Structures are given as structure tokens and as C-alpha cells.
Amino acid sequence: MTQMKRRHCYGVDLETQRKALLESRIAAPFVADVLSRAETALDKTYEVLKMSEYMEFCENGNRKNFETKYLERRNNASYLSIALWLTRDEKYIRPLTDHIFCICDEFSWCLPAHSFMWENPPVERVIKYVDLFAAETARLLTEIVVSVGTILPYYVTERIRYELHRRIIDAFKECDHFHWEDYRSNWPAVCAGGTLAALLHFGSREEIEEIMPRLFKAAELFLTSYG
């Protein structure tokens, strides 16, 4: 992926939006809150997520220990990326890079409660299972590339591209059907939406043409869930 100056993305003028937010009195409290949270995240470091914590759900039904740490990483990466986009302050680049790589290093983006680990599935299935949170992770990382990808080092955006192909796009190509593709709930909308973000930005034309019909079908299924 080449490092090109990106002003427009999918019809949105990002620079105009950025300036409007910084000049808006209505948005000022939101901007201040995000920048405050980003400051807190600057010096945040994380240990490797332990497999013993991942397995807790299978062993005793406990979701909190693992999911609290899992979500904190993503929230802080979001705050840092928005702060970098808004301010262009380079102090956010190194901690955001560390947060991104921390997420990319995780065993699986699929939550333990959605992984079917209790069925002893193949490791590849756990790594490449696209659940609500894997899809949300894909959306987050794609949005980071869209907003500040030209500011981050090349190897950071390349690592994101690699992981989104491996965990999301290739996962769809290798799996003919995910269980949520039959659900009438929020699952099809969230999973399809996060996948679509990654697919449109990082997928080839052939991959888009192959996967898109499934995402449209999932969106239509979601809409039928309304009364």
C-alpha cells in the first residue's frame, strides 16, 4: 500500500471534517473528552493476553477478566487515533503504534464466548472466526488507516493490512458460511459492517465481488429482524 496524501475517503472530505470539529463549540466537549482519554492512554502498556484467561469462559463461564482487557486496548487505540487525527501531534504516533501491534499480536480477535473452544475446533477456526468483536476490530483498524494511515509509519499500516486479510478477508474466502449468517439479530449487521469496511479498503476487486453478496444478504437478514 502506497503512502499517498488522503484528503477524501468514500466521498468525505476528512480535512474539512477535522477543521469543523476543532472549530465547533458544540463538539468542543467531545473533543476535550477524547483528548483527555488519549492523554491517559499515552503511557499505557499491556501484558500479553493469557490463554488461561481466554479459556476461563470455557472453564467457568467468566467473561469479565478477558473482555475487560480486550476492550480497553481497543478503546485506547481509538482515543489515540482520534487525537492524532484531530491534532496532528506526533506524540501520539508511538503509543498508537504500540496499541495497534498489541491488538494485531492477539491470538484471536474472536471473543472466547463466541469461539466454540468447548468443541475443540481447529486452531485456524478460532483465529479466523469472524464474530461481532473481530468485525468491530476490523472496522476500528480500517478507520485508523483511513484517518491517520498517511501519518503512521508504513510498517504499521502494512501490519494492519496483513492482519485484516488473514483474519477477516481470507476467513470469508475460506469459510463458506458463518453461523450468524442465519441470525435475525444485530449479528449480521455488525459482522457484515466491520467486514465491509476492511473489504472495501483492503480487498481486491475479485475479493469484493466474491464476498459482497454474502454481506448484502446478511444486511437484508438483519432488516427482517425488525417488527
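Residues numbered from 1 in each chain as written. Predicted model: local features only at pLDDT ≥ 70, side-chain atom pairs only at ≥ 80, totals over all residues. Heavy atoms only, no water.

1. Brief notes about the pattern of salt bridges
Selection criterion: Salt bridges are defined by distance alone: a side-chain nitrogen of Lys or Arg within 4 Å of a carboxyl oxygen of Asp or Glu. Put simply, DSSP marks the helices as runs of H or I at least four residues long and the strands as runs of E at least two long, and each gets a number from the N terminus on. Type-normalised accessible area, obtained with a 1.4 Å probe on protein chains alone, sets the label of each residue: buried when under 20%, exposed when over 50%, and partly exposed for intermediate values.
Across all of its chains, the model carries 23 salt bridges by this definition. Residues R73 and E106 are paired through a salt bridge, measuring 3.4 Å at the closest nitrogen-oxygen approach. Placement of R73 in helix α5 (residues 64-87) and of E106 in the loop between α6 (93-104) and α7 (123-127) is noted, with a sequence separation of 33 residues between them. For R73, a relative accessible area of 3% translates into the label buried. Here E143 ties to R139 by a salt bridge, and the two come within 2.9 Å at their closest N and O atoms. In this pair, E143 and R139 are both assigned in helix α8 (residues 132-148), 4 residues apart and thus about one turn of the helix distant.

2. Some remarks on the confidence of the model for the protein chain
Close inspection of predicted coordinates is inappropriate in any region flagged by low pLDDT. Under the convention used in this document: Looking at any residue, its pLDDT shows the predictor's confidence there, from 0 to 100.
Model confidence for the protein chain is summarised by a mean pLDDT of 93, while 95% of its residues fall at 70 or above. Confidence, expressed as mean pLDDT per element, reaches its minimum in the protein chain at strand β1 (residues 8-9) with 56 and its maximum at α6 with 98.

3. Focus: the environment of F57
Condition: Residue contacts are defined here by distance: any two heavy atoms, one from each residue, within 4.5 Å place the two residues in contact.
Structurally, the position occupied by F57 is in helix α4 (residues 56-60). Overall, F57 belongs to the partly exposed group, its relative accessible area being 23%. Separated by 57 residues in sequence, F57 and H114 place their C-alpha atoms 9.8 Å apart. Here F57 is in contact with N62, R63, P112, A113 and W118, once residues within four sequence places are set aside.

4. So, the packing of helix α9 (residues 154-174) against helix α10 (residues 186-202)
Going by this rule: Interaxial angles span 0 to 180 degrees and are taken between N-to-C directions of axes, which are lines fitted to C-alpha atoms, for helices over the stretch in contact. Crossing handedness is read from the near helix: turned anticlockwise from the far helix by less than a right angle, it gives a left-handed crossing, and turned clockwise, a right-handed one.
It is the contact of α9 with α10, at a shortest axis distance of 10 Å, that shows an interaxial angle of 115°. Here the hand of the crossing between α9 and α10 comes out left-handed. The segment α9 lies against α10, with I160, R161, L164, H165, I168, I169 and F172 engaging T195, A198, L199 and F202.

5. A look at a nonpolar patch on the surface
To keep it simple, the criterion reads: Every patch collects residues that have over 30% relative accessible area and no salt bridge, joining them within 9 Å if they carry like charges and within 5 Å if they are nonpolar side chains (Val, Leu, Ile, Met, Phe, Trp, Tyr). Note on areas: Shrake-Rupley with a 1.4 Å probe; residue coverage comes only from the protein chains shown.
Among the surface-exposed residues, M51, F107 and V123 lie close enough to one another that they form a single nonpolar patch of about 260 Å² accessible area. Take V123: it is sitting in helix α7.

6. Some points on the side chain of R167
Operational definition: Contacts described as polar in this section are N or O atom pairs within 3.5 Å, which, within protein, must combine one atom able to donate a hydrogen with one able to accept it, while residues neighboring in sequence count only if both atoms come from side chains.
Along the chain, R167 falls in helix α9. Here E106 takes part through its backbone oxygen, which lies 2.6 Å from a polar atom of the side chain of R167. Of note is the side chain of R167, whose polar atom sits 3.4 Å from the backbone oxygen of F107. If near-sequence neighbours (up to four positions away) are discounted, R167 is found in contact with C104, D105, E106, F107, S108, W109, I127, K128 and V130.

7. Description of the nonpolar core
Test applied: The term nonpolar core refers to a set of buried residues drawn from Ala, Val, Leu, Ile, Met, Phe, Trp, Tyr and Cys, joined through side-chain atoms within 4.5 Å.
Ranked by internal contacts, the top residues of the largest apolar core, which has 60 residues, are L96, I100, W109, I144, L152, L164 and W180. Secondary-structure elements contributing two or more residues to this core are α2 (28-41), α5, α6, α8, α9, α10 and α11 (205-224). In this structure L96 touches A77, L80, S81, L84, I144, V148 and L152, once residues within four positions along its chain are discounted.

8. What about the side chain of N76?
Within the secondary structure layout, N76 lies in helix α5. On the accessibility criterion, N76 (10% relative accessible area) is buried. Apart from residues no more than four positions distant in its own chain, N76 is found in contact with A41, K44, Y46 and H99.

9. Focus: the packing of α2 against α5
Stated formally: Here is the rule for angles: anything less than 35 degrees is roughly parallel, anything more than 145 is roughly antiparallel, 65 through 115 is roughly perpendicular, and the remaining ranges are oblique. Each residue is assigned to one of three groups, with Ala, Val, Leu, Ile, Met, Phe, Trp, Tyr, Cys and Pro labelled nonpolar, Asp, Glu, Lys and Arg labelled charged, and all others, Gly among them, labelled polar.
At a minimum axis distance of 8 Å, the contact between α2 and α5 shows a crossing angle of 120°. Considered as vectors, α2 and α5 are oriented oblique to each other. Crossing of α2 over α5 shows left-handed handedness. Side by side, α2 and α5 meet where V31, V34, L35, R37, A38 and A41 of the first sit next to N76, Y79, L80, I82, A83, L86 and T87 of the second. For the contact of α2 with α5, the class distribution of residues is 10 nonpolar, 2 polar and 1 charged.

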